[in-house]
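# Geometric and topological summary
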Amino acid sequence: MSAPAPPFGRDVIESLIPHRPPFLLVDEILELEPGRRVVGRREIRADDWWFAGHFPERPVMPGVLTIEAIAQAGAVAVLADEANRGKIPFFAGIGDCRFKRLVEPGDILTLECEFVRVRGPVAKGQGRALVGDDLAVEAMLTVFVGDAT
């Protein structure tokens, strides 16, 4: 089975990665080079589940969920590679993480991840989340690609 051609939405995303609502944080994949890089998108909606309890008077997407959204986009790139189909990418590290901008209801996040090093089942990806041209978060994400069972 060849990798799907972008752009594609949640139905195809769910065929590649194991994440499901309410924890699926990627709406669409815009660009994809399996095993190499990905660009995705997430619309931040006022009714997203975390806003009710995360600073309800000043709704802000939790930074860790922004990192998770980048990682899920990266998981699409990893699992679109035929060699990794049916596996699960587990976090092995988060480094050089910087939060530069708040992410709020109504924002459209562009999620980017480019893998800069792959050695066996371990991959390092430079991840970024942007709102328009503004950098919201950047981090070096390390994943271990393991068996699903």
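A few points on the structure.

The rules behind the values
- Residues numbered from 1 in each chain as written.
- Predicted model: local features only at pLDDT ≥ 70, side-chain atom pairs only at ≥ 80, totals over all residues.
- Heavy atoms only, no water.
- Helix = DSSP H or I, 4+ residues; strand = E, 2+ residues; numbered from the N terminus.
- Rg over C-alpha atoms; globule rule 2.2 N^0.38 Å.
- Buried < 20%, exposed > 50% of the residue type's maximum accessible area, 1.4 Å probe, protein only.
- Areas by Shrake-Rupley, 256 points an atom, 1.4 Å probe, with all protein chains shown as cover.
- Lys, Arg positive; Asp, Glu negative; His and termini not counted.
- Charge placed at Lys NZ, Arg CZ, Asp CG, Glu CD.
- Phe/Tyr/Trp six-rings, centres within 6.5 Å; stacked < 30°, edge-to-face > 60°.
- Salt bridge = Lys/Arg side-chain N within 4 Å of Asp/Glu carboxyl O.
- Contact = heavy atoms within 4.5 Å.
- Pairing = 2+ DSSP bridges.
- Axes fitted to C-alpha atoms, helices over the stretch in contact; angles between N-to-C directions.
- Core = buried A, V, L, I, M, F, W, Y, C linked by side-chain atoms within 4.5 Å.

## Notes on the overall build of the protein
- Counting secondary structure elements, the protein contains 2 helices and 7 strands.
- Reading the protein from its N end, one meets helices and strands in the order β-α-β-β-α-β-β-β-β.
- What you see for the protein is a C-alpha radius of gyration of 15 Å, in line with the 15 Å of a compact globule of 149 residues.
- Projecting the C-alpha coordinates of the protein onto the three principal axes gives extents of approximately 45 × 30 × 30 Å.
- Classification of the 149 residues of the protein by burial places 42% in the buried group.
- Within the structure as shown, the protein displays about 7,500 Å² of accessible surface, and the carbon and sulfur contribution to it stands at 53%.
- Positive and negative charge centroids in the protein, built from 17 and 22 side chains respectively, lie 6 Å apart.

## Things to note about the packing of aromatic side chains
- Evaluation of the coordinates by the stated rule reveals 3 aromatic pairs.
- Here the aromatic cluster, defined as three or more aromatic residues joined through ring pairs, consists of F23, W49, W50 and F51.

## As for the side chain of E68
- One can find E68 in helix 2 (residues 63-80).
- Despite its burial, E68 pairs with no opposite charge, the nearest such side chain being R42 at 11 Å.
- Residues in contact with E68, not counting those within four places in the same chain, are H19, F23, L25 and F91.

## Let's talk about the sheet that holds strand 7 (residues 134-146)
- One open sheet accounts for 7 strands, arranged 1-2-3-5-6-7-4; its pairing is antiparallel. Because the sheet does not close on itself, it has two edges, and the strands there are strand 1 (8-9) and strand 4 (88-99).
- With 7 bridges connecting them, strand 3 (residues 37-43) and strand 5 (residues 108-119) associate as antiparallel partners. Looking at the pairing, R41 lines up with T110 of strand 5.
- Where helix 2 meets the sheet, its contacts fall on strand 1, strand 2 (28-33), strand 3, strand 4, strand 5, strand 6 (122-131) and strand 7, and the angle it forms with strand 5 comes to roughly 55 degrees.

## A word on the pattern of salt bridges
- In this structure the tally under the stated criterion is 12 salt bridges.
- The residue R37 makes a salt bridge to E33 at a minimum N-O spacing of 3.5 Å.
- Given a relative accessible area of 35%, E33 falls into the partly exposed group.
- With its nearest N and O atoms 3.7 Å apart, the salt bridge here joins R101 to D134.

## Observations regarding the pairing of strand 2
- In this structure, strand 1 lies alongside strand 2, joined through 2 bridges in antiparallel fashion. Along strand 2, the bridge assignment pairs F8 with I29.
- Relative to strand 3, strand 2 is paired through 5 bridges, and the arrangement is antiparallel. Along strand 3, the bridge assignment pairs E31 with V39.
- With antiparallel pairing between neighbouring strands as the criterion, strand 2 and strand 3 make up a hairpin whose turn holds 3 residues, including G35 at a positive phi of roughly 75 degrees.

## As for the nonpolar core
- I13, I17, I29, L32, V76, L109 and L111 are the most contacted members of the largest nonpolar core, which has 40 residues in total.
- Among the secondary structure elements, those contributing two or more residues to this core are helix 1 (10-16), strand 2, helix 2, strand 5, strand 6 and strand 7.
- When residues in this core are grouped by element, the largest group, 12 residues, is from helix 2.
- The contact partners of V76, leaving out residues within four places of it in the chain, are F8, I13, L16, I17, I29 and L32.

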